[in-house]
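Examining the three-dimensional arrangement
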Protein chains: 2
Amino acid sequence: MKLLTAEYLRRVGTGIFTACGAPPNEAAIVAEELVEASLMGLDSHGVMRFVQYAEEALEGRVQPGVPLRIVKETPSTAIVDCGFNFGPVSARHMADIVAEKGQQSNVACVIGQNSNHVGRLGTYAQRVAAQGLVCLAAANSSKHGHWVVPWGGREGRLATNPLAFAAPTRGQPVVLDMSTAMIAEGKIRLLMQQGESLPPDCIQDAQGNRVTDPKAFYGPPHGTIMPFGSQHGYKGFGLGLLVEVLGGILAGAATSVEHPYVNGLCLIAINPEVLCGLERFKELMDDLCTYMTTTPPAPGFSEVVMPGTYEFRARDRRLAEGIPVADETWRQIVEMARRVGVII
Amino acid sequence: MKLLTAEYLRRVGTGIFTACGAPPNEAAIVAEELVEASLMGLDSHGVMRFVQYAEEALEGRVQPGVPLRIVKETPSTAIVDCGFNFGPVSARHMADIVAEKGQQSNVACVIGQNSNHVGRLGTYAQRVAAQGLVCLAAANSSKHGHWVVPWGGREGRLATNPLAFAAPTRGQPVVLDMSTAMIAEGKIRLLMQQGESLPPDCIQDAQGNRVTDPKAFYGPPHGTIMPFGSQHGYKGFGLGLLVEVLGGILAGAATSVEHPYVNGLCLIAINPEVLCGLERFKELMDDLCTYMTTTPPAPGFSEVVMPGTYEFRARDRRLAEGIPVADETWRQIVEMARRVGVII
């Protein structure tokens with residue numbers, strides 16, 4: 001394992017994505033977002049994706065530099081055709097559009113079409129919150145990602161459909177970023193490689209029996225992932241449907257049909273200025289944070305933290321100490337850099 | 001137990017609330033909403049609340065007939081002072097405001113202040129969806145309802161904070177209406193009266209230990225309720241915070257301070273017409289419903305249903321067969337009717 005600085009990794013990523021055909025400013029956005037996810041401790045959405053994103057650009061599934069087009073618009077809404085540019089490029093652009101519309105129309109909703117993988121969902125909600133707005137974000141996936149069963153079913157019909165929200169405070173924002181499924185596919189793979197069992201209620205085998213052996217997920221025949229909530233999984237299913245409606249259906253994409261897009265992103269912004277007022281809002285958010293974090297901890301817990309706190313702490317630590325990158329991940333990044341002619 | 005028709009119960013309720021000082025049209029709204037909850041099978045939010053609501057009006061905590069005032073407004077937002085009128089009266093009015101703003105501004109957000117108990121949250125989301133809009137609804141409660149712990153805590157800091165959404169189809173809407181807590185207080189009371197244990201992970205005793213004996217909740221000292229999600233309760237906590245931000249903070253209410261209001265309601269409406277188009281949206285919702293409900297069931301399940309389906313089935317059944325009302329509930333309703341001089 002290596003410890004590398006965020007700055008160095010951003011430079012490496014920008015170099016690779018530029019060499020794959022992205023304009024330098026767009027290459028920098030992709031590198032920044034992936035490094036930011038690594039800084040926040042979300043390694044599965046971090047620099048380990050450098051190689052995957054670069055491969056996709058080389059194969060033409062990602063189309064670097066393609067201009068983003070608003071295909072339908074009102075003062076408070078937009079549908080953005082992302083044109084299969086890098087997901088973080090289009091998603092960040094959508095965040096800027098919804099923030100501007102949210103400032104002007106006070107409530108706004110922006111939805112994407114033809115988007116690649118957007119990476120960590122919470123980052124876009126944070127970007128909108130940094131402009132003084134409350135943001136809800138949802139991202140569905142097209143049919144190839146449908147590993148999650150509806151409650152009571154034994155075939156996948158939804159993706160892990162994450163839901164995020166961010167709200168500004170006088171300090172760091174509150175950021176919730178959660179999957180509506182019990183477990184990510186990447187986590188199942190990791191536990192299988194380590195020869196470990198899954199926690200209960202996470203997956204079903206192909207016959208719909210709840211099992212803890214990760215091999216039952218990969219089959220063949222392929223198993224499925226449960227919606228979030230254990231015995232209340234119907235709530236996780238309901239939230240997964242909410243994400244599907246926001247991220248897919250409002251953009252005009254049929255759930256039952258395979259589409260070439262990876263993530264259907266929906267961003268909603270609400271302007272506190274015209275409700276309780278932005279300064280009062282931030283003051284009340286600080287009151288909320290204090291009220292929560294001063295709760296005496298239950299046995300087995302050392303503290304109560306707000307959503308996002310662990311990620312901001314990881315960010316501080318990794319900014320100071322460096323980002324840990326697995327040897328194999330680094331070997332692949334170096335190989336990709338060499339392949340596209342980037343000296344790192 | 002009695003089986004009574006919805007029509008008769010609406011007449012009884014309207015009579016009682018009118019006799020408690022409500023204008024007849026507002027009395028009818030309260031009765032309609034409570035009877036509607038009973039029809040949908042949600043008895044805890046149904047006609048068993050007739051007596052409680054009437055008591056509150058007689059004691060002055062509910063102020064029948066008080067006009068609702070918009071205290072701050074833009075084309076897409078409003079803060080409504082509910083003036084402690086009956087919760088269903090103000091909440092239905094808010095639903096009509098957000099639907100109108102949603103039609104005109106395409107995305108809208110309406111928030112209440114000084115609201116009494118709104119009853120079943122999903123009904124307001126449904127009302128907005130019936131006008132061709134997607135609706136998100138959230139309702140927090142003031143500090144006296146804070147029985148739910150933040151994840152990892154052992155003192156209550158949030159209420160059961162329900163979250164709802166509704167979306168139109170070509171048939172019945174999809175309606176999710178869920179608590180962000182593991183269990184309702186009323187359910188704990190019921191199981192205690194029946195001498196039964198709670199499912200795991202629902203409550204903690206006053207020391208923060210997870211227990212299944214409902215008596216540990218009532219104490220003294222008083223216990224607490226867990227956020228929804230079992231081992232992933234941090235997600236339920238995060239969703240509870242989302243409800244708090246929408247229903248309380250955006251309206252200017254500090255979470256840590258006791259307020260006289262019961263429910264802080266927030267309604268958000270999105271107009272599909274300016275996104276994929278309303279007809280296309282309904283067609284895609286039907287596709288979503290079919291794709292979900294045709295999933296082969298897992299062992300132990302007979303079918304996959306959409307959120308709201310069981311409630312609509314209960315409604316059909318109870319419209320045909322009558323609404324079951326417990327003898328004691330009916331005795332109290334009759335007594336209240338006599339007290340306020342209503343012949344039923």
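This paragraph deals with the overall build of chain A. When helices and strands are tallied, chain A shows 11 helices and 12 strands. The C-alpha atoms of chain A give a radius of gyration of 20 Å, which matches the 20 Å a tight globule of 344 residues would have. Taken across its 344 residues, chain A has 58% of its residues classed as buried. Of the contacts formed within chain A by residues at least 6 apart in sequence, a portion of 64% connects residues at least 24 apart.

Let us look at the environment of Thr169(A). All names here are of chain A. Relative to the helices and strands, Thr169 resides in the loop between β6 (163–167) and β7 (174–178). Judged by C-beta crowding, with 18 C-beta atoms within 10 Å, Thr169 ranks as partly exposed. Residues Thr169 and Cys135 lie 34 residues apart in sequence; the distance between their C-alpha atoms is 13 Å. In contact with Thr169, not counting residues within four places along its chain, are Val174, Lys282, Met285, Asp286 and Cys289.

This next bit is on the sheet that holds strand β2 (residues 69–74) of chain A. Residues and elements named next belong to chain A. Overall, mixed pairing links the seven strands, which are arranged β2-β3-β4-β11-β5-β6-β7 in an open sheet. Only two strands of the sheet have a single partner each, and these edge strands are β2 and β7. Taken over all neighbouring pairs, the strand axes of this sheet differ in orientation by 10 degrees on average, direction set aside. Inspection of the sheet shows strand β5 (residues 134–141) paired to β6 by four bridges, in the antiparallel sense. Looking across to β6, one finds that Ala138 is bridged to Leu163. On top of the sheet, helix α8 (residues 233–247) reaches β5, β6 and β11 (263–270); it is set at about 90 degrees to β5, its chief contact.

Before going further, it helps to examine the interface of chain A and chain B. Listed per partner, the contact involves 68 residues of chain A and 68 residues of chain B. The set of elements that each furnish at least two residues to the side of chain A that touches chain B consists of β2, β3 (77–81), β4 (107–113), β6, β7, α8 and α9 (278–293) of chain A. Take the side of chain A that touches chain B: its biggest share by element is eight residues, from α9(A). For the side of chain A that touches chain B, the residue count by class is 40 nonpolar, 19 polar and nine charged.

Residue and element names in this part refer to chain B. Of all five residues in strand β7 (residues 174–178), five are buried, a share of seventy percent or more. Burial of β7 is two-sided: the residues Val174, Leu176 and Met178 facing one way and the residues Val175 and Asp177 facing the other way are all buried. Sheet topology places strand β6 (residues 163–167) next to β7; five bridges connect them, and they run antiparallel. In the strand pairing of β7, Ala167 is matched with Val174. Counted between consecutive antiparallel strands, the loop separating β6 from β7 contains six residues.

Below, the discussion takes up unusual backbone geometry. Note that the residue after Gly219(B), namely Pro220(B), is joined by a cis bond; omega there is 0 degrees. Topologically, Pro220(B) is positioned in the loop between α7 (215–218) and β10 (224–225). Residue Pro221(B) follows Pro220(B) across a cis peptide bond; omega there is -5 degrees. Looking at where Pro221(B) falls in the secondary structure, it is placed in the loop between α7 and β10. A positive phi is found at Asn106(A), a non-glycine position, where the angle reads about 80 degrees. Considering the arrangement of structural elements, one finds Asn106(A) in the loop between α4 (87–105) and β4.

A separate point is the nonpolar core. Counting 196 residues, the largest nonpolar core has Val128(A), Cys135(A), Leu267(A), Val128(B), Cys135(B) and Leu267(B) as its most contacted members. The contact partners of Val128(B), leaving out residues within four places of it in the chain, are Ala95(B), Val98(B), Ala99(B), Leu133(B), Cys135(B), Ala166(B), Leu267(B) and Ala269(B).

Residue and element names in this part refer to chain A. Following both chains from N to C, one finds helix α2 (residues 24–39) and α4 inclined at 90 degrees, their axes separated by 8 Å at the closest point. Classified by the angle their axes make, α2 and α4 are roughly perpendicular. Packed against α2, whose contacting residues are Glu26, Ile29, Val30 and Glu33, the element α4 presents Pro88, Val89 and Arg92 at the interface. Taken together, the residues of the contact of α2 with α4 sort by class into four nonpolar, no polar and three charged.

A few words on the domain arrangement of chain A. Residues and elements named next belong to chain A. For chain A, the domain assignment lists domain 1 (2–63 + 309–339), domain 2 (69–179 + 228–274) and domain 3 (183–225). Computed from C-alpha atoms alone, the centre-to-centre distance between domain 1 and domain 2 is 23 Å. Facing the 14 residues of domain 1 at the interface are 12 residues of domain 2. Among the elements that take part in the side of domain 1 that touches domain 2, α2 stands out by supplying seven residues, more than any other. The residue makeup of the side of domain 1 that touches domain 2, split by class, is nine nonpolar, two polar and three charged.

Quick look at the sheet that holds strand β9 (residues 210–211) of chain A now. Residue and element names in this part refer to chain A. Ordered by their spatial adjacency, three strands build an open sheet running β9-β8-β10, and the pairing between neighbours is antiparallel. This sheet does not close on itself; its edge strands, each paired only once, are β9 and β10 (224–225). In this structure, strand β8 (residues 203–204) lies alongside β10, joined through two bridges in antiparallel fashion. If you follow Ile203 over to β10, its bridge partner there is Ile225.

Further remarks concern helix α8 (residues 233–247) of chain B. A rise of 1.5 Å per residue sets the reference length of α8(B), with its 15 residues, at 21 Å; its end C-alpha atoms lie 21 Å apart and thus fit the reference within 8%. In terms of burial, α8(B) is largely enclosed, as 14 of its 15 residues are buried.

Here we take up the pairing of β4(A). All names here are of chain A. Counted residue by residue, β4 has seven buried out of seven residues, so it is predominantly covered. Across the two faces of β4 the burial is the same, with Val107, Cys109, Ile111 and Gln113 and Ala108, Val110 and Gly112 all buried. Of the pairings in the sheet, the one linking β3 to β4 comprises five bridges and is parallel in character. Residue Thr77 lies in a different strand from β4, and its bridge partner there is Cys109. As a crossover connection, the stretch from β3 through α4 into β4 is right-handed. Note that β4 and β11 share five bridges and pair antiparallel. Within the sheet, the bridge partner assigned to Cys109 lies in β11 and is Ile268.

Criteria and cut-off values
Residues numbered from 1 in each chain as written. Chains lettered and ligands numbered in written order. Predicted model: local features only at pLDDT ≥ 70, side-chain atom pairs only at ≥ 80, totals over all residues. Helix = DSSP H or I, 4+ residues; strand = E, 2+ residues; numbered from the N terminus. Rg over C-alpha atoms; globule rule 2.2 N^0.38 Å. Buried ≥ 20, exposed ≤ 12 C-beta atoms within 10 Å, placed from the backbone. Contact = placed C-beta atoms within 7 Å. Pairing = 2+ DSSP bridges. Axes fitted to C-alpha atoms, helices over the stretch in contact; angles between N-to-C directions. Nonpolar A, V, L, I, M, F, W, Y, C, P; charged D, E, K, R; others polar. Core = buried A, V, L, I, M, F, W, Y, C linked by C-beta atoms within 7 Å. Parallel < 35°, antiparallel > 145°, perpendicular 65-115°, else oblique. Domains from an automatic or database assignment. Expected span 1.5 Å × (residues − 1). Right-handed = clockwise from strand over helix to strand, strands pointing away.

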